[in-house]
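Below are the chains, spelled out letter by letter.
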Amino acid sequence: MLAVAAQAWQHQGVTAPESTELLYLAISALTSPDTTEDAAETLLEFPDNRLLIDLCGEFDRNLAQIEQALEVHILRRGNQLAIMGERDARARAAETLEGLYQKLEAGRDVDAGEIDAEIRMGSVPEAEPGGRPGDQMELFQGGRVEIKTRKKLVEPRTEAQKAYVKALYRNELAFGIGPAGTGKTYLAVAVGVNMFIEGHVDRIILSRPAVEAGERLGFLPGDMKDKVDPYMQPLYDALNDFLPGKQVAKLIEEKRIEIAPLAFMRGRTLSNAFVVLDEAQNATSMQMKMFLTRLGEGSRMVVTGDRSQVDLPRGVTSGLRDAERILDGVPNIAFNYFTAKDVVRHPLVAAIIEAYDADDPK
């Protein structure tokens, strides 16, 4: 191949390039079957080399993630990135790289999750007319939906997540229904923390039905908190993602954050609170009605669940299914649905969910 390239340069009176990269490009140009736009490359220039290093990632792993997702090839040349591939793929890759670079310029970190979000969401439309929903937060800065918490800035990674977050701010009662790994509870807790630190609610209440997931655990040791904490751990994990650990502990001690089983909600009126019911598919119809009627003045309520993971005894109807049927069409109640395409965990999770759905006769 090199001999052929050298003869071609000699025939055309062109001096052979010295660098390996130029040699590769010259061979590609000479041996390419066509010179159409689809066979060309897109060149991006980034002025700050330090940010470019962060953009590429350690051992160029960020570039590798983009290459694999969009089926392109990215070469680094000084402070430039050359993208090779089909025209549409090059455009998407360029848009992704520019979006990630803007985040780095704003002082944000770029990790695998941020890259996945940028690839999924692509370009973001301009802010909607009328500004922010309810003027509750700076929701549409630069056209992006962003949730500010004490520890991090959270952005939806799919269009369904984006619509879900908007619904949480615009409606006093919202449902998030879909498979595991789609961010239903995570985003709900993030919105609750944002509304709490912005002063729109006085407290956060997180609840789950304490139902064993197909296993008989027997009697757990310890006091009441020790017995129910294992069921509530995912909610603690979400809180610790958005607030410093010491602040979470202090707020729980002051009862400004409550994490409790669904059974503890009976008889209460939840005013000026952001209330989340997680794993709602494991609530009975009576429990669901009890919970929904706890809504008080100045409160927001979110119900999340996965209809495919009901752990109730056989013959007991899920309160989540009943709520969908009964409340359909009621004003100021939003229903948001997720699919396997909205899974933001490991890519295999989406494939697993799709395989199980395909195998389900229903």
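Structure first, text after, so check above.
Okay, so let's go over this structure. Since we're looking at a predicted model, the values are computed, not measured.

Following both chains from N to C, one finds helix H5 (residues 87-105) and helix H6 (residues 112-121) inclined at 135 degrees, their axes separated by 9 Å at the closest point. In terms of orientation, H5 and H6 fall into the oblique class. Crossing handedness for the pair H5 and H6: right-handed. Here Arg-92, Glu-95, Thr-96, Gly-99, Leu-100 and Lys-103 of H5 lie close against H6, whose contacting residues are Glu-114, Ile-115, Glu-118 and Ile-119.

The next point concerns a nonpolar patch on the surface. The grouping of Leu-348, Ile-352 and Tyr-356 at the surface amounts to a nonpolar patch, some 360 Å² of accessible area in total. Looking at the secondary structure, you find Ile-352 in helix H13 (residues 347-359).

The subject of this paragraph is the nonpolar core. In this structure, Ile-147, Val-191, Leu-206, Leu-239 and Ile-259 are the most contacted members of the largest nonpolar core, which totals 37 residues. Elements with a minimum of two residues in this core: helix H7 (159-170), helix H8 (184-197), strand S7 (203-208), helix H9 (224-242), helix H10 (245-253), strand S8 (257-261) and strand S9 (273-277). For this core, the element with the most residues is H8, which contributes 8 residues. Setting aside its immediate chain neighbours within four residues, Val-191 contacts Ile-147, Val-165, Leu-168, Tyr-169 and Phe-274.

So, about the environment of Gly-319. Secondary-structure assignment places Gly-319 in helix H12 (residues 319-327). Ignoring sequence-local partners within four residues, the contact set of Gly-319 consists of Ala-283, Thr-284, Ser-285 and Met-288.

To continue, consider the packing of aromatic side chains. Per the stated rule, a full pass over the model turns up 4 aromatic pairs. Their ring planes at 50 degrees and their centres at 4.8 Å tell us that Phe-46 and Tyr-101 sit as a pair that is tilted. Of this pair, Phe-46 sits in the loop between strand S1 (41-45) and helix H3 (49-56) while Tyr-101 sits in helix H5, and the two are 55 residues apart along the sequence. The buried category is assigned to Phe-46, whose relative accessible area is 4%. Ring geometry for Tyr-164 against Phe-338: centres 5.2 Å apart, planes inclined by 85 degrees, an arrangement best described as edge-to-face. Of the two residues, Tyr-164 sits in helix H7 while Phe-338 sits in the loop between strand S11 (333-337) and H13, which places them 174 residues apart along the sequence. There is no split in this pair, since Tyr-164 and Phe-338 are both buried.

Criteria and thresholds
Residues numbered from 1 in each chain as written. Predicted model: local features only at pLDDT ≥ 70, side-chain atom pairs only at ≥ 80, totals over all residues. Heavy atoms only, no water. Axes fitted to C-alpha atoms, helices over the stretch in contact; angles between N-to-C directions. Helix = DSSP H or I, 4+ residues; strand = E, 2+ residues; numbered from the N terminus. Parallel < 35°, antiparallel > 145°, perpendicular 65-115°, else oblique. Left-handed = near helix turned anticlockwise from the far one by under 90°. Contact = heavy atoms within 4.5 Å. Patch = residues over 30% accessible without salt bridge, like charges linked within 9 Å, V, L, I, M, F, W, Y side chains within 5 Å. Areas by Shrake-Rupley, 256 points an atom, 1.4 Å probe, with all protein chains shown as cover. Salt bridge = Lys/Arg side-chain N within 4 Å of Asp/Glu carboxyl O. Core = buried A, V, L, I, M, F, W, Y, C linked by side-chain atoms within 4.5 Å. Buried < 20%, exposed > 50% of the residue type's maximum accessible area, 1.4 Å probe, protein only. Phe/Tyr/Trp six-rings, centres within 6.5 Å; stacked < 30°, edge-to-face > 60°.

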